[in-house]
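Given next are the chains, with one letter for each unit.
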Amino acid sequence: MTPLALQSDLGIEYVAALHATLLPHLDDEDTIELVGDRVGRVHAAGLQLLHAFVRDRAHAGRQTIITLASPALAEAARALALAVSLGVDAPAPAQD
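To keep things clear, this report deals only with the structure shown in the data block. (Residues numbered from 1 in each chain as written. Predicted model: local features only at pLDDT ≥ 70, side-chain atom pairs only at ≥ 80, totals over all residues. Heavy atoms only, no water.)

Let's shift gears to the environment of A45. Relative to the elements of secondary structure, A45 occurs in helix α2 (residues 44-59). Through-space distance from the C-alpha of A45 to that of V15 is 6.9 Å; in sequence the pair is 30 residues apart. Residues contacting A45, with those up to four places away along its chain left out, are I12 and V15. (Helix = DSSP H or I, 4+ residues; strand = E, 2+ residues; numbered from the N terminus. Contact = heavy atoms within 4.5 Å.)

A word on the environment of A44. Inspection of the secondary structure puts A44 in helix α2. Each C-alpha atom, one on A44 and one on G11, is 7.9 Å from the other, the two residues being 33 residues apart in sequence.

The subject of this paragraph is the packing of helix α1 (residues 15-22) against α2. Orientation of α1 relative to α2, taken along the N-to-C sense of each, is 15°, at an axis distance of 10 Å. In terms of their interaxial angle, α1 and α2 are classed as roughly parallel. Between α1 and α2 lies a crossing whose hand is right-handed. Residues V15, L18, H19 and L22 of α1 touch α2, and the partners they reach there are A45, G46, L49, L50 and F53. (Axes fitted to C-alpha atoms, helices over the stretch in contact; angles between N-to-C directions. Parallel < 35°, antiparallel > 145°, perpendicular 65-115°, else oblique. Left-handed = near helix turned anticlockwise from the far one by under 90°.)

Backbone geometry places L68, a non-glycine residue, at a positive phi of 50°. Mapped onto the elements, L68 comes out in the loop between β5 (64-67) and α3 (71-79). Look at L68 and you get exposed, because its relative accessible area is 58%. Of note in the backbone geometry, A81 takes a positive phi value of approximately 60° without being a glycine. Positionally, A81 belongs in the loop between α3 and α4 (83-86). (Buried < 20%, exposed > 50% of the residue type's maximum accessible area, 1.4 Å probe, protein only.)

The subject of this paragraph is the nonpolar core. For soluble globular proteins, the rule of thumb is that nonpolar side chains tend to be buried together. Grouped together as the largest cluster of nonpolar side chains are 25 residues, with contacts concentrated most on L22, L34, L47, L50, L73 and L86. Counting residues per element, the ones that place at least two in this core are α1, β3 (32-35), α2, α3 and α4. If you tally residues by element for this core, the top one is α2, at 6 residues. The contact partners of L86, leaving out residues within four places of it in the chain, are L47, L50, H51, V54, I66 and A77. (Core = buried A, V, L, I, M, F, W, Y, C linked by side-chain atoms within 4.5 Å.)

A word on the side chain of R57. Within the secondary structure layout, R57 lies in helix α2. At 5.5 Å, D28 is the nearest oppositely charged side chain to R57, a buried residue that forms no salt bridge. At 2.9 Å, the side chain of R57 and the backbone oxygen of Q63 are in polar contact. Leaving out residues up to four positions away in the same chain, R57 has contacts with H25, L26, D27, D28, D30, T31, I32, R62, Q63 and T64. (Lys, Arg positive; Asp, Glu negative; His and termini not counted. Salt bridge = Lys/Arg side-chain N within 4 Å of Asp/Glu carboxyl O. Polar contact = N/O pair within 3.5 Å; in protein donor to acceptor, adjacent residues only side chain to side chain.)

Let us look at the side chain of E33. By secondary structure assignment, the location of E33 is in strand β3. For the buried E33, no salt bridge is present, and the opposite-charge side chain at shortest range is R57, 12 Å distant. Within the structure, the side chain of E33 is placed 2.8 Å from the side chain of T67, a separation counted as a polar contact. Once residues within four sequence positions are removed from consideration, E33 is found in contact with M1, T2, P3, L4, I65 and T67.

Right under this line is the structure:
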């Protein structure tokens, strides 16, 4: 597993830096662990980039997980309905 610490600020003005961090790992065969405990600020653009990275790796059969999601990261992911796809929340059980 390859751990990558997410930066503390995932605001739109820092998306290029996040992209530069993630891009070299797009094709890594190893599981990528995105450690989110330092994230204090999140914009939709930052979450969209994380989602695209996780999605593209999944389509290629590669696993990416987010661990230690900070409250700011988890709340932003929930607000944009990306918490389950990013693995920040477990999917809710099906209702009968």
